[in-house]
Every structure is written in structure tokens, then in C-alpha cells.
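Report on the structure
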Amino acid sequence: MAELGTTRNGQHHTDGRHRPTAPHRTAGALAPGAAVGAPPVPSVLIATRHGESTANVEFQLAEAAGALSVPISSRDADIPLSLHGQQQAHALGRWWAGLPSADRPRSVWCSPYVRTAETARIALAQAAGLGAVPVSLAVRYDERLRDRELGILEMLPKAAIETGHPGEAARRRKMGELYYRPPGGESWADVALRVRSVLRDICAEEAGRPVLLVAHDCTVLMLRYVLDRLTEEQLTALEPVRNCSASVWRAEGGRLRPDRWNQTGHLEDTD
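Residues numbered from 1 in each chain as written. Predicted model: local features only at pLDDT ≥ 70, side-chain atom pairs only at ≥ 80, totals over all residues. Heavy atoms only, no water.

1. Overview of the pairing of strand β6 (residues 246-252)
- Across the seven residues of β6, six count as buried, placing the element largely inside the fold.
- Of the strand pairs in this sheet, strand β2 (residues 44-49) and β6 are connected by four bridges, and their pairing is antiparallel. Note on β6: the bridge partner recorded for V44 is R250.
- Hairpin connection between β6 and strand β7 (residues 255-263): a loop of two residues separates the two successive antiparallel strands, and G253 in this loop has a positive phi of roughly 65°. (Buried < 20%, exposed > 50% of the residue type's maximum accessible area, 1.4 Å probe, protein only. Helix = DSSP H or I, 4+ residues; strand = E, 2+ residues; numbered from the N terminus. Pairing = 2+ DSSP bridges.)

2. Digging into the side chain of T48
- Within the secondary structure, T48 sits in strand β2.
- Residue T48 is classed as buried on the basis of its relative accessible area, which comes to 1%.
- Once you skip the residues sitting within four places of it in the chain, T48 turns out to touch L92, L212, L213, V214, A215, V220, C244 and S245. (Contact = heavy atoms within 4.5 Å.)

3. Some thoughts on the packing of helix α2 (residues 83-97) against helix α3 (residues 114-129)
- Orientation of α2 relative to α3, taken along the N-to-C sense of each, is 45°, at an axis distance of 7 Å. Taken together, α2 and α3 sit at an angle that is classed as oblique. Between α2 and α3 lies a crossing of right-handed hand. Judged by residue contacts, Q86, A89, H90, L92, G93, R94, W96 and A97 of α2 engage T119, I122, A123, L124, Q126 and A127 from α3. (Axes fitted to C-alpha atoms, helices over the stretch in contact; angles between N-to-C directions. Parallel < 35°, antiparallel > 145°, perpendicular 65-115°, else oblique. Left-handed = near helix turned anticlockwise from the far one by under 90°.)

4. Observations regarding the environment of I46
- Along the chain, I46 turns up in strand β2.
- Among the residues examined, I46 registers a relative accessible area of 3% and is labelled buried.
- When the C-alpha positions of I46 and V248 are compared, they lie 4.5 Å apart, and in sequence the two are 202 residues distant.
- For I46, the contacting residues outside a window of four places in its chain are W95, L99, D103, P105, V211, L212, L213, S247 and V248.

5. Details of the environment of V214
- For V214, the position within the fold is in strand β5 (residues 210-215).
- Measuring from C-alpha to C-alpha, the distance between V214 and P112 comes to 9.5 Å, with 102 residues separating the pair along the chain.
- Once residues within four sequence positions are removed from consideration, V214 is found in contact with T48, V108, W109, C110, S111, T116, T119 and A120.

6. What to know about the layout of surface pockets
- Computed from the structure, the largest pocket encloses a volume of approximately 1,300 Å³.
- Forming the walls of the largest pocket are 36 residues, and the residues nearest its centre are R49, L150, K158, R172 and D217.
- At the level of secondary structure, the elements contributing two or more residues to the lining of the largest pocket comprise α1 (54-65), α4 (158-164), α5 (166-175), α7 (217-227) and α8 (232-236).
- Per element, the largest residue contribution to the lining of the largest pocket is five residues, and it comes from α1.
- In terms of residue class, the lining of the largest pocket is made up of 17 nonpolar, five polar and 14 charged. (1 Å grid on protein atoms, 1.4 Å probe; cavity = no way out; pocket = protein on both sides within 12 Å on 5 of 7 lines; lining within 4 Å. Points joined across faces, edges and corners; volume = space filled by probe spheres on them. Nonpolar A, V, L, I, M, F, W, Y, C, P; charged D, E, K, R; others polar.)

7. Observations regarding the confidence of the model for the protein
- Put simply, the protein has an average pLDDT of 89, and 86% of its residues get 70 or more.
- Across residues 1-34, confidence stays below pLDDT 50; counting only partners more than four residues off in sequence or on other chains, it has 90 contacts. (pLDDT = per-residue confidence, 0-100.)

Here is the structure:
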């Protein structure tokens, strides 16, 4: 688990298998199973990737056709959910509402990108509409949870990278995703650094409470890399993080231990 720190970058905005945990704790209290003197951590940390975005759809079509471009002119940060992604977010909210009370997040940390903000808003409205969480529940948007920045490779399908940037494609294969940093962009390791930073704040501010984190595929992947202390080989063997999947860690002995990874059973009605 990441060590505690003092950085405060976020801003507050208002707009299966489950094992019961200990009752709701106040800030600063030891999480369930923590030994005296152990660092504070959330009782439960749930991480999800945003619902399917319009860019996800366009890239799937481009990859299937071997296209050299996608019809996207907006910033990556401004890409919204697809209609299917909205349905997934509703399903995530229903799953959230159905969790045992002690596991049910009443604190949400979210990437400020449009697709993650929409996912959090829809899921929260669904859970609140079912009476599971307060309607006024605050969502904390934190830029450290943003998606990986790809620099000159931004919005380029694989075929376009191989054709237009063959040197970068070769360097990427040689370096591996953990350490490859495209010009003007980030490596997975760079994303892991900001994940470690935001985890320090989450642990310090959400000790003993269940928390929902809404982010992106690479961000959630790096969360697992950091929390589960994976090797590069273990990391690269993982399957891609699915849209609106649920990954869960529980407090045990002063650390967040894995409970489930990349589960999507709650999305069956949206397929």
C-alpha cells in the first residue's frame, strides 16, 4: 500500500460475492482488520473504468477495418459516453445500491474527464434513486485519476502508428508498455506515480470508509499494480480493464487486499 502523504489536489463538487465488513468508521479510525499502529486505509476500495465511450466505439471500428484515423476532433478529456456506456453506468448504480450497507461507497473520487464524470453522475443518480445513498453525495474530481496521455500517438489507431510512426512502434515493442513513453505522453510507470500520489490522499482522508473510484483503463490497471505489488510480467499478463467493471480491495492488516478483479456480472442486462 502507498505510504501516506499530504498533497491536496482534488476539489469537491456536488452537482457477485460480498463479505460484510465492520460498521461505518469515522475519519482517522483504523480500518477493519488493521492492527494498532497500522496506517489508515479505506474499509473497502472499489475501482471502476468509465462506461463505453464514443471513442471506444470508433476505435473498435477502426481496428476492425485497419483504418488510419478515427472521426474524433475533440480533446480526449471531452469524449462522452456512448448510449451503451450510459446503460452500463445505470447498471453500475444498481449494483452499487445492492451492496451490503457496510460496503456501499458514500465517497466518490473521479477523473475529471467527461466520460468518467458522466459515469459517476449516472451511477450516483441511480443509486440515490434507489434510496441507497444520499442524493447530495459529493463527487471529488481529481486530475491525477485522468487517462494516460499518449502525446504524438493520441487518437491514432494501431495501423496509423505502424504506418506513420514505425520507429515509435518498434521502440514501444522493445521497451514494453510499463516503460515506453511516447513523445509528449506518459508511460504506464508515469501513471503509476500519480496513482500512488492520489492513493496517499484517499488513505488519509477516507480511513475506515468504503470508497468508489471512477477512472480509466490504465489508471485502474496501475491501481492494481501498486496495491497488489505486481511485477512487470504479472502486470502485462492482465486482461484489459472492462468498461464499468468492478474491482474491489478490502482492508486487512493495514493494507488493501484484493477481493475481486475486473468483474462485469452486473452488466449482463446491458449486453
